[in-house]
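# Tertiary structure, described
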Amino acid sequence: MSVGAWRSPVCFAVAACFFVQSALVWLDVGARPGSTVPMASSARQGQAIFRSHGCQSCHAVFGMGGFLGPDLTNAARRVPPARFTELLQFGSGAMPAYHLDQDERDAVSAYLAAIDSTGQGTPPPPMPDAGPLFSAGLARWTEQGGTVPVRVAEGARIVASGTCAACHRSFSVDSVIRAPDLSLATSHLGPHQVRQLLAQGRGTMPASGLDAQQAGAVITFLGFLAAHRDAIAPRQPTVFTGLPWFEYPRQPTAPVTAATATR
């Protein structure tokens, strides 16, 4: 069959998929028992700030929205408060600085916490490996026929033998400490920023005490992790039917009275 003969059936199939998807979206509109999760007034205020500043144009929530920035469904558990404040005040990479005041930052934080509390809205991150940081991941890489450059191996040794393991986990975020996943460090920060972090620390993270050569090896190792993360991170099955879908209904804001203000 010629290419021209395929054109009409393919166009018809694409159009049919579009109309089916549109119908499903249309039928999904409307409240259903158990499908809505109420938000506190502070969280609704944060949602309004989130939308008025166009955050959804770059970030997704429950997988829906922009794709230029990370999905923020579970950002409340992943991003330490000091880092959250820094991102809003000074920006990072393509993200601009918003210079929100404390009340606005608290409201956005409450909104993200409300989203996070509803459950896992994006595929969960893999569980961390046991043992020294990332050693099992590098072993998986070599088992697949990959090679670990000398400079990368040196950086891996420094990370595994240093104080990094006190807070960080392999390919995961500690649920209590919430230290970032180091395999994503160079995806979120440039080499200069990583070097500055190692030299000066930030928030609860102290300065590493590494010299320039050691810091360079760590940066090379982190870049290697980011480049090959999908291949060497531990795998766990994702059941898509278990992912929750939530709708936040518009709720009237109750007027503040003397009685409620003193509670």
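The preceding data block contains the structure.
## Quick word on the packing of helix H4 (residues 81-90) against helix H5 (residues 102-117)
Where H4 meets H5, the axes come as close as 11 Å, and the angle between the chain directions of the two elements is 120 degrees. Relative to H5, H4 is oriented oblique. The handedness of the crossing between H4 and H5 is right-handed. Listed contacts from H5 to Phe84, Thr85, Leu88 and Gln89 of H4 are Arg105, Val108, Ser109 and Leu112. In terms of residue class, the contact of H4 with H5 is made up of four nonpolar, three polar and one charged.

## Points about H5
An ideal rise of 1.5 Å per residue puts 22 Å on 16 residues; H5 measures up with 22 Å between its terminal C-alpha atoms. The complete set of buried residues in H5 reads Arg105, Ala107, Val108, Tyr111, Leu112, Ala114, Ile115 and Asp116. Lining the buried residues of H5 we find helix H2 (41-52), strand S1 (60-61), helix H3 (75-78) and H4. Its side-chain oxygen 3.2 Å from the backbone nitrogen of Asp103, Asp101 forms the N-cap of H5.

## Details of the packing of aromatic side chains
With the rule as written, the count across this model stands at four aromatic pairs. Centroid distance Phe134 to Phe171: 5.1 Å. Interplanar angle 90 degrees. Geometry classified as edge-to-face. Of this pair, Phe134 sits in the loop between H5 and helix H6 (135-143) while Phe171 sits in the loop between helix H7 (150-161) and helix H8 (185-188); the two residues are 37 residues apart in sequence, bridging distant segments of the chain. Phe171 matches Phe134 in its accessibility class, with the two residues each being buried. Ring geometry for Trp141 against Phe224: centres 5.7 Å apart, planes inclined by 90 degrees, an arrangement best described as edge-to-face. Placement of Trp141 in helix H6 and of Phe224 in helix H10 (residues 212-227) is noted, with a sequence separation of 83 residues between them. In terms of burial, Trp141 and Phe224 fall into one category: buried.

## Remarks on the packing of H7 against H10
One way to put it is that H7 packs onto H10 with a least axis distance of 7 Å and a crossing angle of 105 degrees. The angle between H7 and H10 places the two elements in the roughly perpendicular class. Contact with H7, carried on its side by Arg151, Val152, Glu154, Gly155, Ala156, Ile158 and Val159, involves Gln213, Gln214, Gly216, Ala217, Val218, Thr220, Phe221 and Phe224 of H10 and no other residues of that element. Split by residue class, the contact of H7 with H10 holds eight nonpolar, five polar and two charged.

## Some points on the pattern of salt bridges
The final tally for this structure, using the stated rule, is five salt bridges. One salt bridge connects Asp116 with Arg77, and the closest N-O pair in it is separated by 2.8 Å. Taken as a pair, Asp116 in helix H5 and Arg77 in helix H3 lie far apart in primary sequence, 39 residues in all. In this structure, Glu154 engages Arg151 in a salt bridge whose closest nitrogen and oxygen atoms are separated by 3.3 Å. Here Arg151 and Glu154 lie together in helix H7, a separation of three residues that amounts to about one turn.

## As for the nonpolar core
Ranked by size, the top nonpolar core spans 25 residues in total, and within it Phe134, Val159, Phe221, Leu222 and Leu225 carry the most contacts. Contributing elements (two or more residues each) for this core: H6, H7, helix H9 (191-200) and H10. A total of eight residues in this core trace back to one element, the largest contributor, which is H10. With residues up to four places along the chain from it excluded, the contact list for Val159 reads Leu133, Phe134, Cys164, Leu182, Val218 and Phe221.

## Some words on the side chain of Ser170
On the secondary structure map, Ser170 appears in the loop between H7 and H8. The exposure class of Ser170 is buried, given its relative accessible area of 2%. Within polar-contact distance, the side chain of Ser170 engages the backbone nitrogen of Phe134 at 2.7 Å.

## A look at H9
Along H9, the positions that sit buried rather than exposed are Val194, Leu197 and Leu198. All buried residues of H9 fall inside an arc of 95 degrees around its axis, so they share one side. Exposed residues on H9 whose side chains face more than 90 degrees from its buried face are His192, Ala199 and Gln200. Buried residues in H9 make contact with H10. Looking at the residues trailing H9, positive phi occurs at Gly201, about 75 degrees.

The rules behind the values
- For every chain, the first residue of its written sequence is number 1, and the numbers climb from 1 along that sequence.
- The predicted nature of this model means local features are confined to residues of pLDDT at least 70 and side-chain atom pairs, given and counted, to a pLDDT of 80 or more, with totals for whole chains, interfaces and linings taken over all residues.
- The side-chain values count all of the structure's non-hydrogen atoms but skip hydrogen atoms and water molecules.
- Note on geometry: axes are lines fitted to C-alpha atoms, helical ones only across the stretch in contact, with angles between N-to-C directions running from 0 to 180 degrees.
- Strands are runs of DSSP state E lasting at least 2 residues, helices are runs of H or I lasting at least 4, and numbering of each runs from the N terminus.
- Every angle not falling under 35 degrees, over 145, or within 65 to 115 is termed oblique; those three ranges are roughly parallel, roughly antiparallel and roughly perpendicular.
- Left-handed describes a crossing in which the near helix is turned anticlockwise from the far one by less than a right angle; the clockwise case is right-handed.
- Pairs of residues are marked as contacts when any of their non-hydrogen atoms sit within 4.5 Å.
- Residues are grouped as follows: Ala, Val, Leu, Ile, Met, Phe, Trp, Tyr, Cys and Pro are nonpolar; Asp, Glu, Lys and Arg are charged; every other residue, Gly included, is polar.
- Each residue after the first adds 1.5 Å to the expected span of a helix.
- When a residue's accessible area, from a 1.4 Å probe over protein chains only, is under 20% of the maximum for its type it is buried; when over 50% it is exposed; and in between it is partly exposed.
- Polar contacts, as counted here, are pairs of nitrogen or oxygen atoms within 3.5 Å of one another; within protein the pair requires one atom able to donate a hydrogen and one able to accept it, and residues that are adjacent in sequence qualify only if both atoms are side-chain atoms.
- Here is the rule: rings of Phe, Tyr and Trp (six-membered ring for Trp) pair when centre to centre is within 6.5 Å. Planes less than 30 degrees apart are stacked, more than 60 are edge-to-face, and the remainder are tilted.
- One speaks of a salt bridge when a side-chain nitrogen belonging to Lys or Arg is within 4 Å of a carboxyl oxygen belonging to Asp or Glu.
- Among the buried residues, those of types Ala, Val, Leu, Ile, Met, Phe, Trp, Tyr and Cys that are joined through side-chain atoms within 4.5 Å form a nonpolar core.
- The arc in question is the one spanned by the directions pointing from the helix axis to the C-beta atoms.

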